Amino acid sequence: MKLTRASYDKVMIPCYVPMDMLVERAHGCYMWDTEGNRYLDLTSGIAVNCLGHTPKGVVKIIRKQSRELIHVSNIFANIRTVQLATKLVSLTDFERVFFVNSGTEANEAALKLARRAALEEYDESKDEIIAFSHSFHGRTFFSVCVAGQDKYSDGFGPKPGAITHIPFNDLETFKKTINEKTCAVILEPVQGEGGIIPVDPKFIKEVRALCDKFHAYLIFDEVQTGIGRTGTFFCYQHTGVVPDILTTAKGLASGIPIGAVLTKEKIAKHFGPGTHGSTFGGNALACAVGCHVVDIVSKPAFLEKVRDKGAQFEQDLLALGKKYGVFESVRGEGLLLGCVLADKYKGKSAALQKLCFKHKLLVLLAGADVLRLAPPLNIKKQHLKEGLVLLEKALNDFTLQNS
Ligand SMILES: *Cc1c(COP(=O)(O)O)cnc(C)c1O
């Protein structure tokens, strides 16, 4: 039986509406469907494939590691987990690591950890979590209720309590909201799904100071911004503040499922034996690939290239968007960029994405008004240029369609 895109709709629970093709293989920044069409992929599996598709080094590590050890669970300590944790600790301001399999699970663990630490250090009244409008922290029921998008958390019955949502980058509201009962404040240093909105440098410094004043844990969700995406290994490293807990996932093993929670010793101790766990978390295969990715991405020369390519691409995107009057601005950091549609085209990002697809260019959305680009971190300049050529064709069609 020949499988097609239509077969997908017959057998899958209809949570997703994937593009009109069936992907068969991918290499570097190109993807091929079952019909033999080639696409330029600037999505990286949603900021996951940081070294591109099926990179040689990753293939090699998977081969080698899968002959040695794949999985043993956490009733045994395996050497790859320890290696990856050691690398993450040495590259950051943190002392302890907990591994999971996804961004959601990393946030779930971080939020549970903050609640447990506050309970044990203070008392049970210190349980309030402050989060921000348009934030995204994943899809488990706790993480999705903490995130500030009701459309994702409504309709599943009673929600966990003691969660307050306030506008992002709004210092006055934050000052009025944080208090002695605040247990944790969670934010993305660049809001990803919510529209590629970087945190304001002044705001984040004040948030840090107020978290200290009220003994609230500051959690950075770096699931999307981590692992070099914004031009430093973690985004917090150029914000000038250090969170108490950091979560990461997406790019950490360039396509193999993994996530991690990083924190300080004094907080980590509240997750004693039995308080939390994950069967697959710290899986040897995923951690071996993670070690390889971290070794490459953490090199200063690699990160410098991410910043350079990102800055150039941002400029080029803006110039192109202005030429057609379609983008009012381009924002973001490193190779996580959002093209903000001009007023006239608000709400039409999906239509533009479809036209990109028509021209065999794959891009992401960040809401109805923003086209999001997250190319592989090691993408060559010539491929970014090729992306601009294809995008120009799509913009041309888009303006005709909307004239
Ligand atoms: C993708 C994402 C998540 C969820 O990660 P999953 O791996 O899909 O569970 C959480 N937070 C942010 C900021 C993300 O971008």
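Everything numeric here is computed off the predicted structure, so don't read it as measured data.

The rules we used
Residues numbered from 1 in each chain as written. Predicted model: local features only at pLDDT ≥ 70, side-chain atom pairs only at ≥ 80, totals over all residues. Heavy atoms only, no water. Helix = DSSP H or I, 4+ residues; strand = E, 2+ residues; numbered from the N terminus. Buried < 20%, exposed > 50% of the residue type's maximum accessible area, 1.4 Å probe, protein only. Contact = heavy atoms within 4.5 Å. Areas by Shrake-Rupley, 256 points an atom, 1.4 Å probe, with all protein chains shown as cover. Near = heavy atom within 4 Å. Polar contact = N/O pair within 3.5 Å; in protein donor to acceptor, adjacent residues only side chain to side chain. Nonpolar A, V, L, I, M, F, W, Y, C, P; charged D, E, K, R; others polar. Core = buried A, V, L, I, M, F, W, Y, C linked by side-chain atoms within 4.5 Å. Phe/Tyr/Trp six-rings, centres within 6.5 Å; stacked < 30°, edge-to-face > 60°. Lys NZ or Arg CZ within 6 Å of the ring centre and 35° of its normal. Pairing = 2+ DSSP bridges. Axes fitted to C-alpha atoms, helices over the stretch in contact; angles between N-to-C directions.

Draft legend 1. Representation of the overall build of the protein in the model. The number of helices and strands found in the protein is 14 helices and 17 strands. Principal-axis analysis of the C-alpha atoms gives the protein an extent of 60 × 55 × 45 Å. Burial analysis of the protein (403 residues in total) assigns 53% to the buried set. Once local pairs closer than 6 in sequence are excluded, the contacts in the protein between residues at least 24 apart make up 70%. Accessible surface, the protein as shown: approximately 18200 Å² in total, 56% of it carbon and sulfur.

Draft legend 2. Focus on the site of the ligand. Taken together, the neighbourhood of the ligand is formed by Ser102, Gly103, Thr104, Asn107, Phe136, His137, Gly138, Glu188, Asp221, Val223, Gln224 and Lys250. Here an oxygen atom of the ligand sits 2.8 Å away from a polar atom, N or O, in the main chain of Gly103. Measuring from an oxygen atom of the ligand, one finds a side-chain N or O atom of Gln224 at 2.7 Å. With the chains in place, 82% of the 380 Å² that the ligand exposes on its own is no longer accessible. Across the shell around the ligand, the residue classes tally to two nonpolar, seven polar and three charged.

Draft legend 3. Region of the structure containing the nonpolar core. Grouped together as the largest cluster of nonpolar side chains are 81 residues, with contacts concentrated most on Phe174, Val297 and Phe327. Residues Ala106, Ile129, Ala184 and Ile245 belong to the second largest nonpolar core, which totals 25 residues.

Draft legend 4. Spatial organisation of the packing of aromatic side chains. This model, assessed by the stated rule, comprises 14 aromatic pairs. Judged by centre distance (6.3 Å) and plane angle (75 degrees), the ring pair of Phe141 and Phe156 falls under edge-to-face. On the criterion of sequence distance, the pair formed by Phe141 in helix α6 (residues 141-146) and Phe156 in the loop between α7 (150-153) and β6 (163-166) is long-range, its members being 15 residues apart. Their ring planes at 45 degrees and their centres at 5.0 Å tell us that Tyr345 and Phe398 sit as a pair that is tilted. Taken together, the positions of Tyr345 in the loop between β14 (336-341) and α13 (349-358) and Phe398 in helix α14 (residues 381-401) put the pair 53 residues apart, joining distant regions of the chain. Both residues of the pair, Tyr345 and Phe398, belong to the buried class. Through a chain of ring-to-ring contacts, three or more aromatic side chains come together here, namely Phe94, Phe233, Phe234 and Tyr236. Above the face of the Trp32 ring, Arg25 is positioned so that its terminal group lies 4.4 Å from the ring centre.

Draft legend 5. Region of the structure containing the sheet that holds strand β2 (residues 30-33). Judged by pairing direction, the sheet is mixed, and its four strands sit side by side in the order β1-β2-β3-β15 without closing on themselves. Of all strands in the sheet, those with a lone pairing partner are β1 (23-27) and β15 (361-362), marking the two edges. Note: strand β3 (residues 38-41) against β15, two bridges, orientation parallel. Bridge pairing in β15 links Leu40 to Leu361. Of the strands in this sheet, β2, β3 and β15 are in contact with α14, which crosses β3 at around 110 degrees.

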